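What follows is the residue order along each chain.
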Amino acid sequence: MNRILVTGAAGFVGGHVLPLLAETGDRVAGIGRGMLPDLPAGVTYETLDLLDEAALSGFVARFRPTAILHLAGLASVADSASGPGQTWRVNVNGLMNLVAAVEAVPGCTFFFVSSGEVYGSAFLAGHALTEAAEPLPRNTYARSKWVGEQLLRDLLPRIGVKLVVLRPFNHIGPGQDERFVVASFARQIARIEAGLVPPSLAVGNLSSHRDFLDVADVAQAYADLIGRAESLADGSVFNISSGHPRTIASVLADLRTRAQVPFEVRTAPERVRPTEIPLAAGDAGRLQAATGWRPRVDWDVSLTRVLDDARARAAPTQA
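Conventions and cut-offs
Residues numbered from 1 in each chain as written. Predicted model: local features only at pLDDT ≥ 70, side-chain atom pairs only at ≥ 80, totals over all residues. Heavy atoms only, no water. Pairing = 2+ DSSP bridges. Helix = DSSP H or I, 4+ residues; strand = E, 2+ residues; numbered from the N terminus. Expected span 1.5 Å × (residues − 1). Buried < 20%, exposed > 50% of the residue type's maximum accessible area, 1.4 Å probe, protein only. Core = buried A, V, L, I, M, F, W, Y, C linked by side-chain atoms within 4.5 Å. Contact = heavy atoms within 4.5 Å. Salt bridge = Lys/Arg side-chain N within 4 Å of Asp/Glu carboxyl O. Right-handed = clockwise from strand over helix to strand, strands pointing away. Axes fitted to C-alpha atoms, helices over the stretch in contact; angles between N-to-C directions.

Chemist: If you had to explain the sheet that holds strand S14 (residues 279-280) to someone new, which residues and values would you point to?
Modeler: Reading across the sheet, the 3 strands line up as S12-S9-S14 and stay open at both edges, with mixed pairing between neighbours. Two strands close off the open sheet at either side, each with one partner strand: strand S12 (246-247) and S14. Pairing analysis gives 2 bridges linking strand S9 (residues 209-210) to S14, with the strands arranged parallel. Its bridge partner lying in S14, His 209 is registered against Leu 279.

Shown next, in the form of structure tokens:
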């Protein structure tokens, strides 16, 4: 039986990928800093900070994973800009601690969740990028992920651990943090509908094109690749993307058609990134060839789920 360890399991994506992995019959364990109230059947979970090197090493030595899905880390570009030191500590020091712990389990496969953000200035080519594009990261978050990829390429071969790099693009779904654009729009609309705030929605740059997927499709891509770990080449890189970018303006327009009340739109200077890329999209042909994966969740269904979740969170608590 395979033993799969998911770090950052209490986060946005973790809650979607754990049930998929549990369905395989493999032994699955999650670790994270937060609580995980809805634990899927057959999955174990332990609250653990990757910066706690001793606790992390002890857990890995006891569980002895055959595969690791490394989701843990700070994932907000905006937060990384305002707190770069913390981004480097969590995304790099935590990763180094995990590598040290993995020395006890040679032969496992390390699935490192990087980001499509690492391509950075390469997106100025103006088309969906394949994994052959040279990463040119433009912000602290992206640089921390790119450095993580390089660290693993240097360190894992020395301890007999296979590396597979995953570069997901923007993904949305219920439970996503409001720091991300679609979740932010949905939460603002929900609060406006509930009468909690004036009918004014704050936005940043609406002209940018971005590549969006439903989080369920991203989780399925992770599960598909983990299920094929033995056949994947060491050092493989996979984009996880739709290949069909949308303008942020069109996303807002789609949400507006679902809104129950009218609202005005205002540009908030703090939401405009100084190094905005006009178009960021990925080509997932390599992933599709390796696993047969393709996006399955309809865009309208995905947006409806996000807005319904936002409304549930904005609803007043019943006494």
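Chemist: Describe helix H4 (residues 84-102), naming the residues involved and giving the relevant values.
Modeler: In an α-helix, one turn spans 3.6 residues; hence positions three or four apart end up facing the same way. Its 19 residues give H4 an end-to-end C-alpha distance of 26 Å, which sits within 8% of 27 Å, the value for a rise of 1.5 Å per residue. Among all positions in H4, only Thr 87, Val 90, Asn 91, Val 92, Gly 94, Leu 95, Asn 97, Leu 98, Val 99, Ala 101 and Val 102 are buried.

Chemist: Tell me about the nonpolar core, residues and numbers included.
Modeler: In terms of nonpolar packing, the biggest core is built from 34 residues, with Val 6, Leu 69, Phe 111, Leu 166, Tyr 222 and Ile 240 touching the most fellow members. Within the residue set of this core, elements represented by two or more residues are strand S1 (3-7), helix H1 (14-22), strand S4 (67-70), strand S5 (109-113), strand S6 (162-168), helix H7 (215-227) and strand S11 (236-240). Of all the elements, H7 adds the most residues to this core, at 8 residues. Setting aside residues up to four positions removed in sequence, Ile 240 forms contacts with Leu 166, Arg 167, Pro 168, Phe 169, Leu 213, Val 218, Ala 221, Tyr 222, Leu 287 and Trp 293. One finds Leu 56, Leu 95, Ile 159 and Val 237 within the second-largest nonpolar core, a separate group that totals 27 residues.

Chemist: Account for the pairing of S4, with residues named and values stated.
Modeler: Neither face of S4 is left uncovered, since the one carrying Ala 67 and Leu 69 and the one carrying Ile 68 and His 70 both have all their residues buried. Taken together, the 4 bridges between S1 and S4 define a ladder with parallel strand orientation. Note on S4: the bridge partner recorded for Thr 7 is His 70.

Chemist: Could you give an account of the pattern of salt bridges, naming the residues involved and the relevant values?
Modeler: Counted according to the given criterion, the structure contains 11 salt bridges. Linked through salt bridges whose partners overlap, the residues forming this network are Glu 178, Arg 187 and Arg 191.

Chemist: Any details on unusual backbone geometry? Residues and values, ideally.
Modeler: A positive phi angle is found at Arg 64, which is not glycine, with a value near 50°. In this structure, Arg 64 sits in the loop between helix H2 (53-63) and S4. Residue Arg 64 is classed as partly exposed on the basis of its relative accessible area of 38%.

Chemist: Can you tell me about the pairing of strand S2 (residues 27-32), naming the residues and giving the values?
Modeler: Across the 6 residues that make up S2, a large majority, 5, are buried. As defined by bridge partners, S1 adjoins S2 across 5 bridges and the pair is classed as parallel. Bridged to Leu 5 within S2 is Ala 29. Between the parallel elements S1 and S2, the chain passes through H1 in a crossover that is right-handed. Direction of pairing for S2 relative to strand S3 (residues 43-47): parallel, over a ladder of 5 bridges. Bridge pairing links Ile 31 to Glu 46 in S3.

Chemist: Break down the sheet that holds S6 for me, citing the residues and quoting the values.
Modeler: An order of S3-S2-S1-S4-S5-S6-S11 is seen for the 7 strands of this open sheet, with the pairing classed as parallel. The open sheet has two free edges, formed respectively by S3 and S11, since each of these has just one partner strand. Between one strand axis and the next, the sheet turns by 15° as a mean value, whatever way the strands run. Here 4 bridges tie S4 to S5, and the two strands are oriented parallel to one another. Along S5, the bridge assignment pairs Leu 69 with Phe 111. Along the sheet face, H2 touches S1, S2 and S3 and points at about 175° away from the line of S2.

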